[in-house]
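Residue-level listing of the chains:
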Amino acid sequence: MTTTASNELILAFISSDGPNSANSARIAAVSGAGLSWTLRQRTNTQPGTAEIWQAVAPGPLSNATITATQASGSWQAAMTVVAFRGADITTGATLGANASSGAPTATLTTTRAGSWVWGVGTDWSNPISHTPGSNQTLVDQFLAPAGDTYWVQRQNSTTPTTGTPVTINDTSPTSGPVGARDH
């Protein structure tokens with residue numbers, strides 16, 4: 001990863017397979033670039049996990065490597081790392097949601113004007129392409145050989161006002177178990 005400014009917010013969106021039981025899959029640590037990484041959100045109510053980790057780069061980074069370490073096992077996973085210039089580096093809303101069936105959906109209420117809502121998800125039972133809802137973009141998607149889908153998506157634009165409920169969702173698939181989604 002390479003960044004260009006000071007105090008950029010770095011987020012690692014991670015989704016992973018794991019033991020076939022709830023609350024057992026997790027990422028133990030994220031490291032790299034000499035940064036201090038902290039967990040912002042973990043959702044592992046169903047098998048697998050979807051997590052958001054955060055660090056702040058005090059100065060520009062050049063060809064930095066970011067690594068996620070599983071708490072146990074060697075499960076298939078996907079990680080998308082994104083840098084945000086001008087973001088609030090101390091707070092920000094997060095939300096975890098899960099469902100045993102239906103299309104993935106969650107609604108987050110923004111904490112400030114100009115919030116940009118992103119989500120990470122795990123579908124631990126189906127390697128099926130996901131289609132994001134309106135005004136959203138699929139950033140990354142991995143149909144894992146283990147039979148899972150890992151994906152990251154975002155709203156196409158920022159939300160202009162504080163306290164606005166913003167839904168991040170998929171229009172398909174619409175049935176079958178759905179894994180975790182974090183924002």
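For the structure itself, look to the data block above.
How each quantity is defined
Residues numbered from 1 in each chain as written. Predicted model: local features only at pLDDT ≥ 70, side-chain atom pairs only at ≥ 80, totals over all residues. Heavy atoms only, no water. Pairing = 2+ DSSP bridges. Helix = DSSP H or I, 4+ residues; strand = E, 2+ residues; numbered from the N terminus. Buried < 20%, exposed > 50% of the residue type's maximum accessible area, 1.4 Å probe, protein only. 1 Å grid on protein atoms, 1.4 Å probe; cavity = no way out; pocket = protein on both sides within 12 Å on 5 of 7 lines; lining within 4 Å. Points joined across faces, edges and corners; volume = space filled by probe spheres on them. Nonpolar A, V, L, I, M, F, W, Y, C, P; charged D, E, K, R; others polar. Phe/Tyr/Trp six-rings, centres within 6.5 Å; stacked < 30°, edge-to-face > 60°. Axes fitted to C-alpha atoms, helices over the stretch in contact; angles between N-to-C directions.

Student: Got a minute to help me understand the sheet that holds strand β13 (residues 165-172) in this structure?
Tutor: Spatial strand order, β8-β13-β10: three strands in an open sheet with antiparallel pairing. Both edges of this open sheet fall to β8 (105-109) and β10 (131-132), since each of them pairs with a single strand only. Where β10 lies against β13, two bridges are found, and the strand directions are antiparallel. Among the inter-strand pairings, P132 is bridged to a residue of β13, identified as D170.

Student: How should unusual backbone geometry be read in this particular structure?
Tutor: The general pattern is negative phi for most residues beyond glycine and trans for most peptide bonds. Of note, the bond from S172 into P173 is cis; its omega dihedral lies within 30 degrees of zero at 5°. The backbone phi angle of N63 is positive, close to 50°, even though this residue is not glycine. Examined against the element boundaries, N63 turns out to sit in the loop between β4 (49-57) and β5 (66-70). Taking relative accessible area as the criterion, N63 reaches 65% and is therefore assigned exposed.

Student: Looking at this model, I keep getting lost on empty space enclosed by the protein. Mind explaining?
Tutor: Once rolled over the atoms, a probe with the size of a water molecule shows which space is left empty. Throughout the structure, instances matching the rule amount to one cavity of 30 Å³ or more. Empty space within the largest cavity amounts to approximately 30 Å³. As for the largest cavity, its lining consists of D17, P19, S24, A25, R26, Q70, A71, S72 and W75. Among the residues making up the lining of the largest cavity, the classes are represented as four nonpolar, three polar and two charged.

Student: Help me understand the packing of aromatic side chains in this model?
Tutor: The description of two aromatic rings rests on the distance between their centres and on the angle between their planes. Per the stated rule, a full pass over the model turns up five aromatic pairs. Measuring from centroid to centroid gives 5.6 Å for F13 and W118, while their planes differ by 15°, and the two rings are stacked. Placement of F13 in strand β1 (residues 8-16) and of W118 in strand β9 (residues 118-123) is noted, with a sequence separation of 105 residues between them. In this structure, F13 and W118 share a single accessibility class: buried. A ring pair is formed by F84 and W116, whose centres lie 5.9 Å apart and whose planes are at 90°; its orientation type is edge-to-face. Of this pair, F84 sits in strand β6 (residues 77-84) while W116 is found in the loop between β8 and β9, placing the two residues 32 residues apart along the sequence. The partly exposed category is assigned to W116, whose relative accessible area is 36%. By way of ring pairs, the aromatic residues F13, F84, W116 and W118 are connected into one cluster.

Student: Looking at this structure, how should I read the sheet that holds β4?
Tutor: The strands making up a sheet associate through hydrogen bonds between their backbones, and the pairing can be parallel or antiparallel. Taken together, the four strands give an open sheet; going across it, the order is β3-β4-β1-β6, and neighbouring strands pair in antiparallel fashion. At either margin of the open sheet sits one strand with a lone partner, and together these are β3 (38-43) and β6. Across this sheet, the average inter-strand angle for adjacent strands is 15°, counted without regard to direction. Direction of pairing for β1 relative to β6: antiparallel, over a ladder of eight bridges. If you follow I14 over to β6, its bridge partner there is M79.

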